[in-house]
Amino acid sequence: APTAHQHESLDRFPQRRRAAEQLIVTEGLDSVDAQIAFYKGHRDLLQRGRFLRLVGPWSGDGDGNDTAWMCVSDDRRRAIVGFYRVLQRPAPSAGRVRLRGLDAGALYRVTTWPAAGDPVDRDNAGVRGGDELMRVGLLLAAERGYGTRRGDFWSRLFVLEASDPEPWPPSR
């Protein structure tokens, strides 16, 4: 958000103000375009997948501050997990979300959306076993102090796609 000094400067120079407003609108539209493209790419899973509540804001499985849901395809080869936090804690511990409904014997490629290159991306990206994801879960803010930098009203989507196991030993 612009500071008071920046607002004053923009008010004195209408062309700068229009350029700044156009930049904000363009960046906002790019974000909306990316969100629409993500939805269209995963529409079938989001509309027809099995919906599972992992952590609910209204039940006895927490303080109501965190929510996690997931959609799993019928063949259990694809899933999308949404994690949402309302208010950030002052000194959060490393949390996790244990998943359900996956194939315990499958390997899943885990990516985050939008990719932020932060500790949550780093700790969860890569190939992980379905059994691991259901027992250990996805890691949230494993780096001490990262949660406070993230701020309130934080969310992340995790996309899981089953991958074929690598042959062993690898061919050269």
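With that out of the way, let us pick up the overall build of the chain. What the chain contains, in helices and strands, is six helices and eight strands. Starting at the N terminus and ending at the C terminus, the chain contains elements arranged as α-α-α-β-β-β-β-β-α-β-α-β-α-β. Expressed as a percentage of its 172 residues, the buried residues of the chain come to 34%. Sequence separation of at least 24 residues holds for 62% of the intrachain contacts in the chain that already meet a minimum separation of 6.

What follows is about the nonpolar core. If you look at the biggest cluster of nonpolar residues, it comprises 23 residues, and the most contacted ones within it are M70, V81, L99, L102, L133, F158 and L160. Residue assignment for this core shows that the elements contributing at least two residues are strand 1 (50–55), strand 2 (66–72), strand 3 (78–85), strand 5 (107–113), strand 7 (138–140) and strand 8 (154–163). Sort the elements by how many residues they give to this core and strand 8 lands first, with four residues. Discounting chain neighbours no more than four positions away, the residues touching M70 are R50, F51, L52, L54, A79, I80, V81, L99, R100 and L102. F38, C71, I80 and V159 belong to the second-largest nonpolar core, a separate cluster that totals six residues.

Glancing now at a nonpolar patch on the surface. A surface patch of nonpolar side chains, amounting to about 300 Å² of accessible area, comprises V86, L87 and F153. Counting through the fold element by element, F153 comes out in the loop between helix 6 (146–150) and strand 8. The exposed category is assigned to F153, whose relative accessible area is 63%.

On to the pattern of salt bridges. Scanning the entire structure with this criterion turns up five salt bridges. In this structure, R48 and D44 form a salt bridge, with 3.1 Å as the shortest nitrogen-oxygen distance. Of this pair, R48 and D44 both sit in helix 3 (residues 43–48), four residues apart, roughly one helical turn. Using a relative accessible area of 43% as the deciding quantity, one classes D44 as partly exposed. A salt bridge links D66 to R85, with the shortest nitrogen-to-oxygen separation between them at 2.8 Å. With D66 in strand 2 and R85 in strand 3, this residue pair connects regions lying 19 residues apart in the sequence.

Here we take up the pairing of strand 3. Among the eight residues that make up strand 3, six are buried, leaving the element largely enclosed by the rest of the structure. Taken together, strand 2 and the strand that follows it, strand 3, pair antiparallel across an intervening segment of five residues, in which R76 is found at a positive phi of about 65 degrees. Pairing geometry for strand 3 and strand 8, over eight bridges, is antiparallel. From the neighbouring strand, Y84 faces strand 8, where its bridge partner is S155.

That bond from W113 to P114 is cis: its omega, -10 degrees, falls within 30 degrees of zero. By the element assignment, P114 lies in the loop between strand 5 and helix 4 (119–124). A positive phi angle, near 65 degrees, is found at R76, a position not held by glycine. For R76, the position within the fold is in the loop between strand 2 and strand 3.

Reading the values: the criteria
Residues numbered from 1 in each chain as written. Predicted model: local features only at pLDDT ≥ 70, side-chain atom pairs only at ≥ 80, totals over all residues. Heavy atoms only, no water. Helix = DSSP H or I, 4+ residues; strand = E, 2+ residues; numbered from the N terminus. Buried < 20%, exposed > 50% of the residue type's maximum accessible area, 1.4 Å probe, protein only. Contact = heavy atoms within 4.5 Å. Core = buried A, V, L, I, M, F, W, Y, C linked by side-chain atoms within 4.5 Å. Patch = residues over 30% accessible without salt bridge, like charges linked within 9 Å, V, L, I, M, F, W, Y side chains within 5 Å. Areas by Shrake-Rupley, 256 points an atom, 1.4 Å probe, with all protein chains shown as cover. Salt bridge = Lys/Arg side-chain N within 4 Å of Asp/Glu carboxyl O. Pairing = 2+ DSSP bridges.

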